[in-house]
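The primary structure of each chain is shown beneath.
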Amino acid sequence: MSKYQYFIEYFEQFPLVIQLLWIISGFFMIAVLVLISYLKMLRSYLRKKEKNTTKYEKEYELSLLTYLFSGNEVDEVNPEQQLIIDQLKTCSIDKLKRKILVSLLVKLKKDISGEMSESINKLYSQTGLIGYGIAQLKSNQWHVVVKGVRELAQFHSTEVYNEIFNIRNHSNREIRKEVQLYLVSLFNFKGLAFLDDLKTSLSEWDQIQLLEELHRGETQEIPDITPWLRSENESVVFFTLKLAKTYNQFEVKNTLIDLLLHKNKEVRIQVILTLGHLNVVESKEILKRNFNQSSQEEQVVFFKIFESLYDNNDESFLLEHIRHKNFDIKLKALSMLKKFSIDTFKNIEVLPTDIAYAKIFKFVENN
Amino acid sequence: MNNKKTIVLAEDNSTLSLLLKFRLEKEGYVLLIAEDGRKAIELIEQHRPDLILTDIMMPFVSGLEVVSFVRGKLNLGSPIIVFSAAGQEEMVLKSFDLGANDFMSKPFSPNELVIRVKRLLH
């Protein structure tokens, strides 16, 4: 006690600055010691975890391959496979073991296809992992739900269609996107049913991804897309127009013609392009009739598709627009006139004073 | 005398390597596994295999470098099948330029691989 007393008295003799420095040094020394021990504990924990992960990975890898190679065509599940299923089912109760098992299955599924890939899907279901996937759908954390939906899609779990379809209008964008991809990748065109009452907008990127998934699908049986063309959700209309174009949906031509009166100009432009792509000749007269009331963008787009729908009766319409105030329309009208009615083109009177027009005319004449 | 044909498989996905080992050994081949390109080169130099299966994307030494080494430095004529993932079409073309004989795009069917291996070895 006297020894400590001596140290305290000795410490108190120091000036205040020195005392303060000693206190700070002492504090940092303790902090460093605490941190070193924490890091040591963390490192040993991570090493132990890594060791366990490797151990379980090897164990499950072997079980998985035994399961895949012991299958025969007579029994759906033979006793050897059943034993592995039971073992894996027990293991999957533990969170870490389940994570390792799922990542192993995902890793293999990414690289193989065919019968073995289907066997892995079956194993995912048989080991009860599907149940954990469904449980993730109920999480409050969006990334857990996304992971769950993705996992269920990866293992082709079609039996959870209803659970996933029910969250199609989730407030989180990422979840909605994953749900849409699940539906389309597993059910192809039938999966597009979510478009019926989609409350939110489909971004351009979402639409590209959906088209890509549809392209990968084996079914080319396309349902009636008319209701989606009439959707209140404009992004659904845009997407359906892409579908009509990609899959040549000539059957919807009447609905497309009706859409020429859509309130959104961008929709009308896409409709004109789709009509042109599908070569809907009936739309030409309507577009010609409405030409002067249309916006300039629509007029330009109409001239883009006009060439594929042109016949001899359209010559007077072309002549009306060879002096249009818009450069693109003027150029296109002159080019078409040269292509389809060269005599009329040669008879066009170009005043030398109109230098700009003479230049365009000369360009068309020489090209 | 052992007449079994030897195959070197260079693949960093251990589960896939093991699966292919099981499958090809069932067909009577001896399979040597390398988890990266460097190890694959060592195995090829050491065993001069009858066939080489290699992934394109691997740690340390890529599949392209393995093909280049086998054809350029070792002057070994063993058939080479390259595994590629989607979007690696350019790499596949390069591997053909370097001397690969065939390619399979991932995900692939192990049964189809066996057919291709048999076709190249018999």
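Everything that follows concerns the structure shown earlier in this document.
None of the values given here were measured: they were computed from a predicted structure. (Residues numbered from 1 in each chain as written. Chains lettered and ligands numbered in written order. Predicted model: local features only at pLDDT ≥ 70, side-chain atom pairs only at ≥ 80, totals over all residues.)

## Some details on the overall build of chain A
Moving on, step 1. When its secondary structure is counted, chain A shows 20 helices and 0 strands.
Moving on, step 2. Relative to the compact-globule value of 21 Å for 367 residues, chain A shows a C-alpha radius of gyration of 35 Å, a clear excess of over 25%.
Moving on, step 3. Projected onto the principal axes, the alpha-carbon positions of chain A cover approximately 120 × 85 × 40 Å.
Moving on, step 4. Counting only residues that meet the buried cut, chain A has 26% of its 367 residues in that class. (Helix = DSSP H or I, 4+ residues; strand = E, 2+ residues; numbered from the N terminus. Rg over C-alpha atoms; globule rule 2.2 N^0.38 Å. Buried ≥ 20, exposed ≤ 12 C-beta atoms within 10 Å, placed from the backbone.)

## Quick notes on the interface of chain B and chain A
Moving on, step 1. The interface of chain B with chain A comprises 13 residues on the first partner and 14 residues on the second.
Moving on, step 2. Those elements that place two or more of their residues in the side of chain B that touches chain A are helix H1 (14–26) and helix H5 (110–121) of chain B.
Moving on, step 3. Top element by residues in the side of chain B that touches chain A is H1(B). It accounts for 6 residues.
Moving on, step 4. Broken down by class, the residue content of the side of chain B that touches chain A amounts to 7 nonpolar, 5 polar and 1 charged. (Contact = placed C-beta atoms within 7 Å. Nonpolar A, V, L, I, M, F, W, Y, C, P; charged D, E, K, R; others polar.)

## Overview of the pairing of strand S2 (residues 30–34) of chain B
Residue and element names in this part refer to chain B.
Moving on, step 1. Where strand S1 (residues 6–10) and S2 come together, 5 bridges link them in parallel fashion. For Ile7, the partnering residue across the bridge sits in S2 and is Leu31.
Moving on, step 2. Handedness of the β-α-β unit built from S1, H1 and S2 comes out right-handed. (Pairing = 2+ DSSP bridges. Right-handed = clockwise from strand over helix to strand, strands pointing away.)

## Quick notes on helix H18 (residues 327–340) of chain A
Residues and elements named next belong to chain A.
Moving on, step 1. Here H18 contains 14 residues, and its C-alpha end-to-end distance of 20 Å stays within 8% of the 20 Å for a straight helix at 1.5 Å per residue.
Moving on, step 2. All of the buried residues in H18 are Ile329, Lys330, Lys332, Ala333, Leu334, Met336 and Leu337.
Moving on, step 3. For H18, the secondary structure elements touched by its buried residues are helix H16 (296–309), helix H17 (315–320), helix H19 (342–346) and helix H20 (355–366). (Expected span 1.5 Å × (residues − 1).)

## Re the environment of A:Leu105
Moving on, step 1. With respect to the secondary-structure elements, A:Leu105 resides in helix H4 (residues 95–111).
Moving on, step 2. Separated by 245 residues in the primary sequence, A:Leu105 and A:Val350 have C-alpha atoms spaced 74 Å apart.

## Some thoughts on the packing of helix H3 (residues 63–73) of chain B against helix H4 (residues 89–98) of chain B
Residues and elements named next belong to chain B.
Moving on, step 1. The interhelical angle for the contact between H3 and H4, taken along N-to-C directions, is 10°, at an axis separation of 9 Å. In terms of axis orientation, H3 runs roughly parallel to H4. Note on element contacts: H4 touches H3 through Met91, Lys94, Ser95 and Leu98, opposite Gly63, Leu64, Val67, Ser68 and Arg71.
Moving on, step 2. Taken together, the residues that form the contact of H3 with H4 break down as 4 nonpolar, 3 polar and 2 charged. (Axes fitted to C-alpha atoms, helices over the stretch in contact; angles between N-to-C directions. Parallel < 35°, antiparallel > 145°, perpendicular 65-115°, else oblique.)

## Remarks on the pairing of strand S3 (residues 51–55) of chain B
All names here are of chain B.
Moving on, step 1. Judged by how many residues are buried, S3 sits mostly within the fold: 5 of 5 residues are covered.
Moving on, step 2. Where burial is concerned, the two faces of S3 agree: the one with Leu51, Leu53 and Asp55 and the one with Ile52 and Thr54 are both buried.
Moving on, step 3. Both S1 and S3 contribute to a ladder of 4 bridges, which runs parallel. Residue pairing in the sheet places Ala10 in a bridge with Thr54 of S3.
Moving on, step 4. Where S3 and strand S4 (residues 80–84) come together, 4 bridges link them in parallel fashion. In the sheet register, Thr54 faces S4, and the bridge partner there is Val82.

## Details of the nonpolar core
Moving on, step 1. Among the nonpolar cores identified, the biggest contains 99 residues, and A:Val149, A:Ala333, B:Ile7, B:Val8, B:Leu9, B:Ala10 and B:Val82 are the most heavily contacted of them.
Moving on, step 2. For this core, the element with the most residues is helix H12 (residues 234–246) of chain A, which contributes 6 residues.
Moving on, step 3. Once residues lying within four places of it in the same chain are set aside, the contact partners of B:Ala10 are B:Ala34, B:Gly37, B:Ala40, B:Leu53, B:Thr54, B:Asp55, B:Met58, B:Gly63 and B:Val66. (Core = buried A, V, L, I, M, F, W, Y, C linked by C-beta atoms within 7 Å.)

## Side note on unusual backbone geometry
Moving on, step 1. With an omega of 0°, the peptide bond running from B:Lys106 to B:Pro107 counts as cis.
Moving on, step 2. Counting through the fold element by element, B:Pro107 comes out in the loop between strand S5 (102–105) and H5.
Moving on, step 3. Even without being glycine, A:His156 reaches a positive phi, approximately 50°.
Moving on, step 4. In this structure, A:His156 sits in the loop between helix H7 (142–154) and helix H8 (161–165).
Moving on, step 5. With 18 C-beta atoms packed within 10 Å, A:His156 lands in the partly exposed category.

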